[in-house]
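Residues per chain are reported as follows:
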Amino acid sequence: MRKKLIIGNWKMNFNMHEASLYLHKLMNMLPSHRDVEVVLAPTILTLQSLSLQINRRIAKLAAQNCYWRDSGAYTGETPVAHLRGIADYVLIGHSERRYIFIESEKDIRLKVQAAIRNRIRPVLCIGETIQERTLGETKDVLADQLTSGLANVTAEELGEVVVAYEPVWAIGTGDNAKAIDVKKATQMIRRHISHLYGKKAAESVRILYGGSITPASAADYLAIDELDGLLVGAASLDAYQFKEIISKAHKG
Ligand code: PGA
């Protein structure tokens, strides 16, 4: 059975002091849920100090981005190799990276491959824009982003991959997707991965939803059988709200 996964994406929030206080608060509130994996994605600058503070039985860390080369003259970039021992996951292809920083499908594919090579689990973010949705292109967009993002991944490596369905129009807008649409998208994603790798390999991939999740909406998504967890932005910035979302993923 795939374990539920709840990731908090802090984006460009919390300096070192604030991040440390938040972590302290959250660690005190969360029991170690055996059936829920909790992951925080802080800024790159705070990642290392949080890795010394965090109790990994309670939560793990993710980087919000990385570069795919292991070293070299690439000013300002963070090699995924340097995340080893610090982060367990890395977000790749978040829509803010795709559309604000113009990351290409090739960048994303190379990052996914580099993460796997360095034993950091990639969280491949995919999702349609509002225009694509209006034109009825959601299925094709998801298929294209999956085919491209996973192009260098073998069936054996697929179990390391997490896919986050994050419709661009739902991120940071308060306009969260309906649970029924998330269910359909999750099924499309699993079907497409199954088409690429076979049913058994596709079953090993965890699929998350992200986009304006709140404690009030979380339970509806977590009730979707095919869905394995959530990628939470704004609501993860409040430790109490994030804890409430996590507790909804916890069975019994
Ligand atoms: P949001 O962000 O929950 O604030 O919409 C989600 C994300 O960007 O991963």
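Our structure's up above, just so we're on the same page.
Since this is a predicted model, take the numbers as computed values, not measurements.

Caption draft 1: Fine view of the site of the ligand. As a structural note, the neighbourhood of the ligand is formed by 13 residues, with Lys-11, His-94, Glu-166, Gly-172 and Ser-212 the closest of them. Here an oxygen atom of the ligand sits 2.8 Å away from a polar atom, N or O, in the side chain of Glu-166. Here an oxygen atom of the ligand sits 2.9 Å away from a polar atom, N or O, in the main chain of Gly-233. In the complex, the protein chains occlude 97% of the 280 Å² of accessible area that the ligand would expose alone. Under a 2 Å grid-point criterion requiring more than half of the atoms, the pocket assigned to the ligand is the second largest pocket.

Caption draft 2: Quick peek at the layout of surface pockets. Empty space within the largest pocket amounts to approximately 530 Å³. Around the largest pocket, the lining is made up of 20 residues, and of these Met-12, Gln-64, Asn-65, Arg-97 and Phe-101 lie nearest the centre. In terms of residue class, the lining of the largest pocket is made up of 9 nonpolar, 7 polar and 4 charged. There is about 240 Å³ of room inside the second largest pocket. Along the walls of the second largest pocket sit 21 residues, with Gly-172, Ser-212, Gly-233, Ala-234 and Ala-235 positioned nearest its centre. Taken together, the residues that form the lining of the second largest pocket break down as 8 nonpolar, 11 polar and 2 charged.

Caption draft 3: How the structure looks around the sheet that holds strand β2 (residues 36-41). Spatial strand order, β1-β2-β3-β4-β5-β6-β7-β8: 8 strands in a closed barrel with parallel pairing. Direction aside, neighbouring strands of the sheet carry axes that sit 25° apart on average. Pairing of strand β1 (residues 4-9) with strand β8 (residues 229-232) involves 4 bridges; the strand directions are parallel. Residue pairing for β8: Leu-5 is matched across the bridge by Gly-229. The sheet strands contacting helix α6 (residues 138-149) are β5 (121-126) and β6 (162-165), and the helix crosses β5 at an angle near 150°.

Caption draft 4: Broad picture of the nonpolar core. Ile-6, Ile-193, Tyr-209 and Leu-230 are the most contacted members of the largest nonpolar core, which totals 71 residues. Setting aside anything within four residues of it in sequence, one finds Ile-6 in contact with Val-36, Glu-37, Val-38, Val-39, Leu-222, Leu-230, Val-232, Phe-242, Ile-245, Ile-246 and Ala-249.

Caption draft 5: Main features of the side chain of Arg-190. Among the structural elements, Arg-190 can be located in helix α7 (residues 179-197). Apart from residues lying up to four places away in sequence, Arg-190 is in contact with Arg-2, Ala-202, Glu-203, Val-205, Ile-207, Glu-226 and Asp-228.

Caption draft 6: Spotlight on the packing of helix α4 (residues 105-117) against α6. The interhelical angle for the contact between α4 and α6, taken along N-to-C directions, is 50°, at an axis separation of 8 Å. Here α4 is positioned oblique relative to α6, judged by the angle of their axes. Here Glu-105, Arg-109 and Val-112 of α4 come into contact with α6, specifically with Gln-145, Ser-148 and Gly-149. Across the contact of α4 with α6, the residue classes break down as 1 nonpolar, 3 polar and 2 charged.

Thresholds, definitions, all that
The residue count restarts for each chain, going from 1 along the sequence in the order it is written. Only residues with pLDDT of at least 70 get local features here, since the model is predicted, and only at 80 or more are side-chain atom pairs given and counted; chain-wide, interface and lining totals rely on the full set of residues. Heavy atoms from the whole structure form the basis of all side-chain values; hydrogens and water molecules are not counted. Nearness is defined per residue: one heavy atom within 4 Å of the molecule or strand is enough. Under the rule applied, a polar contact is a pair of N or O atoms within 3.5 Å (in protein, one hydrogen donor and one hydrogen acceptor; residues adjacent in sequence only if both atoms are side-chain atoms). Note that accessible areas follow from Shrake-Rupley with a 1.4 Å probe, and for residues the cover is restricted to the protein chains shown. Each cavity reported here is a set of points on a 1 Å grid over the protein atoms alone in which a 1.4 Å probe fits but cannot get out, each pocket an open set with protein on both sides within 12 Å along at least five of seven lines, and each lining residue one with an atom within 4 Å of a point. More than half of a molecule's atoms lying within 2 Å of a cavity's or pocket's grid points is what places that molecule inside it. Grid points are joined across faces, edges and corners, and a volume is the space filled by probe spheres set on the points. Polarity classes work like this: nonpolar for Ala, Val, Leu, Ile, Met, Phe, Trp, Tyr, Cys and Pro, charged for Asp, Glu, Lys and Arg, and polar for all others, with Gly in that last group. The rule for pairing is simple: two strands pair if DSSP sees at least two bridges between them. Elements are defined by DSSP. Helices are runs of H or I of four residues or more, strands are runs of E of two residues or more, and each kind is numbered from the N terminus. Only C-alpha atoms enter the line fits that serve as axes; for helices the fit covers just the stretch in contact. Angles between N-to-C directions range over 0 to 180 degrees. In what follows, a contact means two residues having at least one pair of non-hydrogen atoms within 4.5 Å. Working definition of a nonpolar core: buried Ala, Val, Leu, Ile, Met, Phe, Trp, Tyr and Cys residues. They are joined through side-chain atoms within 4.5 Å. Classification of residues uses two cut-offs on accessible area relative to the type maximum, computed with a 1.4 Å probe and protein chains only: under 20% is buried, over 50% is exposed, and between them is partly exposed. Orientation categories follow fixed angle ranges, with anything under 35 degrees roughly parallel, anything over 145 roughly antiparallel, 65 to 115 roughly perpendicular, and all other angles oblique.

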